[in-house]
Amino acid sequence: MHTFINVQDIGPLKAALQEAAETKKDRFAHSTLGKNKTLLMIFFNNSLRTRLSTQKAAINLGMNVIVLDVNAGAWKLETERGVIMDGDKSEHLLEAIPVMGSYCDIIGIRSFAGLTDRDYDYSETVLNQFIHYSGRPVFAMETATVHPLQAFADLITIEEHKTKARPKVVLTWAPHPKALPQAVPNSFAQWMNAADVDLVITHPEGYELDPRFIGNAKVEYNQMKALEGADFVYAKNWSCPGVTCDDYGKVINKDMSWTIDAAHMAVTDNGKFMHCLPVRRGMIVTDDVIEAPTSLVIPEAANREISAQVVIKRMLQSL
Ligand code: CP
């Protein structure tokens, strides 16, 4: 595997889930595979789970790990080509990337959407520069439009907790005070489309995701109707994707009736609550729902180690 961005990169999901289950049974079975190999994790944005789980996964495989927080100690990087660099950015990504590539064997990159220019974000400019100029396998640790390590961990979690061959999975928008990217819902929808589940997406009007991520999912604007009979409720906020309106990256709705509470969960089929974390209690979900035995947020986060380990292992095997 040379890149890990979309669900297609992992190949057949059944095999990937089997590999994840084997990894979970013995996470040190390949502890020498990464000997003398180095993973470079590059963060343009904050992280708790991705930082720790990916590092742990690489250590399980015997790798050395370097973590670079670009905004805390590195030179400020210019990402646009063709600009006169007379501002506060001292180095261009086009030099920095091959330099970084020369110090490692595999690169993980976190670079969020700027949420001001849809075309720029959806063309994945920063991620593609790393793919083209680093000379190394590159995996997304949440980029402008995708978060595949999260979606893979979500799928592993659903596989572990499902009680039906084909569960109903509902991706529901929920309110948030700040504008958040669409990477998590995009990838979740993409991976669920490829999985053996019935996917329903619910959100207020104006929050329609990009059609290439919606795929064959049913879009239902009535949240309560969408949640009826759900086996899994995946809550997430996202800002306006700019598909059906011109407010790309903006908060266009703060309707608190979309917060997942006991009344929402009551119409599900003993549904399990999921969220990628970090989560704002009282906005996305109420305390009682996230603390209930039906909440999967902690096992879901723990599975981030497993999804990262499967991806890094496959990249090591293809070096
Ligand atoms: N879910 C997730 O990616 O968490 P972090 O932003 O803390 O890495």
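Residues numbered from 1 in each chain as written. Predicted model: local features only at pLDDT ≥ 70, side-chain atom pairs only at ≥ 80, totals over all residues. Heavy atoms only, no water.

A. Quick look at the side chain of Gln223. With respect to the helices and strands, Gln223 occurs in helix 9 (residues 223–227). A polar contact of 2.9 Å, which involves the side chain of Gln223, links it to the side chain of His264. Each residue touching Gln223, except ones within four places of it in the same chain, is listed here: Thr172, Trp173, Thr202, Ser257, Trp258, Ile260 and His264. (Helix = DSSP H or I, 4+ residues; strand = E, 2+ residues; numbered from the N terminus. Polar contact = N/O pair within 3.5 Å; in protein donor to acceptor, adjacent residues only side chain to side chain. Contact = heavy atoms within 4.5 Å.)

B. Spotlight on the domain arrangement of the protein chain. Partitioning the protein chain into domains gives domain 1 (3–146 + 304–318) and domain 2 (150–300). The centre of domain 1, based on its C-alpha atoms, is set 25 Å off from the matching centre of domain 2. Residue-level contacts link 28 residues of domain 1 with 32 residues of domain 2. Contact between domain 1 and domain 2 buries roughly 2400 Å² in total, counting both sides, with carbon and sulfur atoms accounting for 63%. Three residues stand out in domain 1 for area buried against domain 2, namely Leu115, Arg118 and Tyr122, and they jointly supply 29% of the buried area on that side. For the pair domain 1 and domain 2, the interface holds two salt bridges. Salt-bridge contacts for Glu160 lead to Lys24; the nearest nitrogen and oxygen are separated by 2.8 Å. In this structure, the connection of domain 1 to domain 2 is made through 11 residue pairs in polar contact (both at pLDDT 80 or more). Breaking the side of domain 1 that touches domain 2 down by element, the ones donating at least two residues are helix 1 (13–25), helix 4 (118–122) and helix 12 (297–317). (Domains from an automatic or database assignment. Buried area = accessible area lost by both parts, 1.4 Å probe. Salt bridge = Lys/Arg side-chain N within 4 Å of Asp/Glu carboxyl O.)

C. Region of interest: the site of the ligand. Taken together, Ser47, Leu48, Arg49, Thr50, Arg110, His147, Gln150, Cys276, Leu277 and Arg304 make up all the residues around the ligand. Leu277 is positioned such that a nitrogen or oxygen atom in its backbone is 2.8 Å from a nitrogen atom of the ligand. For the ligand, whose free accessible area comes to 260 Å², the fraction covered by protein is 93%. In the shell around the ligand, the residues fall into three nonpolar, four polar and three charged. Each of two domains, domain 1 (3–146 + 304–318) and domain 2 (150–300), supplies a minimum of three residues to the shell around the ligand. (Near = heavy atom within 4 Å. Areas by Shrake-Rupley, 256 points an atom, 1.4 Å probe, with all protein chains shown as cover. Nonpolar A, V, L, I, M, F, W, Y, C, P; charged D, E, K, R; others polar.)

D. Layout of the sheet that holds strand 12 (residues 272–274). Taken together, five strands build an open sheet; the order of strands is 10-9-8-11-12 and the sheet is parallel. Edge positions in the sheet fall to strand 10 (218–219) and strand 12, since each has one partner strand and no second. Examined bridge by bridge, strand 11 (residues 232–236) and strand 12 share three bridges and lie parallel to one another. Of the residues in strand 12, the one forming a bridge with Tyr234 is Met274. (Pairing = 2+ DSSP bridges.)

E. Focus on the pattern of salt bridges. According to the stated counting rule, one finds 18 salt bridges in the structure shown. One salt bridge in this structure joins Glu220 and Lys225, with 3.9 Å as the shortest N-O distance. Residue Asp287 is joined to Arg281 by a salt bridge in which the shortest nitrogen-to-oxygen separation is 3.0 Å. A residue is classified by how much of its surface remains accessible, and Asp287, at 42% relative accessible area, is partly exposed. Judged by its relative accessible area of 43%, Arg281 falls in the partly exposed class. By sharing partners, the salt bridges in this structure join Glu19, Lys313 and Arg314 into a single network. (Buried < 20%, exposed > 50% of the residue type's maximum accessible area, 1.4 Å probe, protein only.)

F. Broad picture of a nonpolar patch on the surface. On the surface, Ile66, Val99 and Tyr103 cluster together into a nonpolar patch covering about 280 Å² of accessible area. Mapped onto the fold, Val99 is located in helix 3 (residues 93–101). (Patch = residues over 30% accessible without salt bridge, like charges linked within 9 Å, V, L, I, M, F, W, Y side chains within 5 Å.)

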